Amino acid sequence: MLMARTSRSVLPGFGLSFGITLFWLSVIVLIPLSAVFARSASGGWDEFLAAAMSDRALASYKLTFGAALLAAAINSIFGLIVAWVLVRYDFPGKRLFGAAIDLPFALPTAVAGIALTALYADTGLIGGLLAKVDLPIAYKPAGVVLALTFIGLPFVVRTLEPVLEEVSQEAEEAAMTLGASRVQTIVRVILPTLLPALATGFALAFARGAGEYGSVIFIAGNMPFESEIAPLLIVTQLEEYDFAGAASIAVVMLLVSFAMLLVLNLLQLWQRRRMV
């Protein structure tokens, strides 16, 4: 009897806890998303396709997902270098440097967009120099990539850091002792260990960038067929009271986001299996 009392969990039983979980998930996530699907289908299949697959919508998808993909790839390369420096080296100001990595998490996205625009516009400190060599950034697709790179960097760095801390330097030293070059050590010893975490960080940065709005609208220029992202097109449709059209575009974004989350979960499962 005593053992039965001491072994009881302080948390509710499975039935009650599962019921609360299902209720909260339905209220916060499932019902609102179901409403979006229902609103997009209110005009029928033909109207859904006309809104979701219009030339303007397709151009916005291409820019949104293409820029998110490119920004995630850039962050994968430089995020790996940044994480390596933070984990493997001690230097003055390391804590401040590490805190700066998390700044995009805490900084309002609109503030980030305004700051990037002021810096990279033709009249800005960096944009003025680039304009002289005909390399405009602000109000171009390049500005979208820049904004998404800014907000996506912490996802890659913070995903790689715990894995890098577990990578033994003894394995690197053993490989070099056996005659492996630095490149061979990186390719054959370090990268195979980091690859699952790097893929997870890439997916997180891509998913974050695909749905970004605040930091992009100020620097993108928002020109249809050129620098208009899909989230902005949704807002534009809402301002024109085309709720079904906005919902149709939102459904496409939701489906892509769900696919990315599925890929992310598979990558995390792969990472856990490799670490066992």
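A brief look at the structure comes next. (Residues numbered from 1 in each chain as written. Predicted model: local features only at pLDDT ≥ 70, side-chain atom pairs only at ≥ 80, totals over all residues. Heavy atoms only, no water.)

### Quick notes on the packing of aromatic side chains
For any two aromatic rings, the description comes down to two numbers: the centre-to-centre distance and the angle of the planes. Scanning the entire structure with this criterion turns up 6 aromatic pairs. Centroid distance Y61 to F65: 6.4 Å. Interplanar angle 35°. Geometry classified as tilted. Pair noted here: Y61 and F65 are both in helix α4 (residues 55-88), with a separation of 4 residues, about one helical turn. The buried category is assigned to Y61, whose relative accessible area is 8%. Ring geometry for F105 versus F155: centroids 5.1 Å apart, planes at 90°, classification edge-to-face. Here F105, found in helix α6 (residues 103-106), pairs with F155, found in helix α9 (residues 141-166); they are 50 residues apart in sequence, far enough to count as distant. You can call F105 partly exposed: its relative accessible area is 44%. Each member of the aromatic cluster is reached from another via a ring pair, and the members are Y61, F65 and F206. One cation-aromatic arrangement involves R88 over W84; the distance from NZ or CZ to the ring centre is 4.5 Å. (Phe/Tyr/Trp six-rings, centres within 6.5 Å; stacked < 30°, edge-to-face > 60°. Helix = DSSP H or I, 4+ residues; strand = E, 2+ residues; numbered from the N terminus. Buried < 20%, exposed > 50% of the residue type's maximum accessible area, 1.4 Å probe, protein only. Lys NZ or Arg CZ within 6 Å of the ring centre and 35° of its normal.)

### With respect to the environment of L107
Its location among the elements puts L107 in the loop between α6 and α7 (109-120). Between the C-alpha atom of L107 and that of I151, which follows or precedes it by 44 residues, the distance is 9.4 Å. Other than its neighbours up to four places away in sequence, L107 contacts A112 and F150. (Contact = heavy atoms within 4.5 Å.)

### Observations regarding the packing of α7 against α9
Running from amino to carboxyl end, α7 crosses α9 at an angle of 130°, the nearest separation of the two axes being 11 Å. In this view, α7 runs oblique relative to α9, as classed from their interaxial angle. Crossing of α7 over α9 shows right-handed handedness. Note on element contacts: α9 touches α7 through L146, A147 and F150, opposite A112, L116 and Y120. Taken together, the residues of the contact of α7 with α9 break down into 6 nonpolar, no polar and no charged. (Axes fitted to C-alpha atoms, helices over the stretch in contact; angles between N-to-C directions. Parallel < 35°, antiparallel > 145°, perpendicular 65-115°, else oblique. Left-handed = near helix turned anticlockwise from the far one by under 90°. Nonpolar A, V, L, I, M, F, W, Y, C, P; charged D, E, K, R; others polar.)

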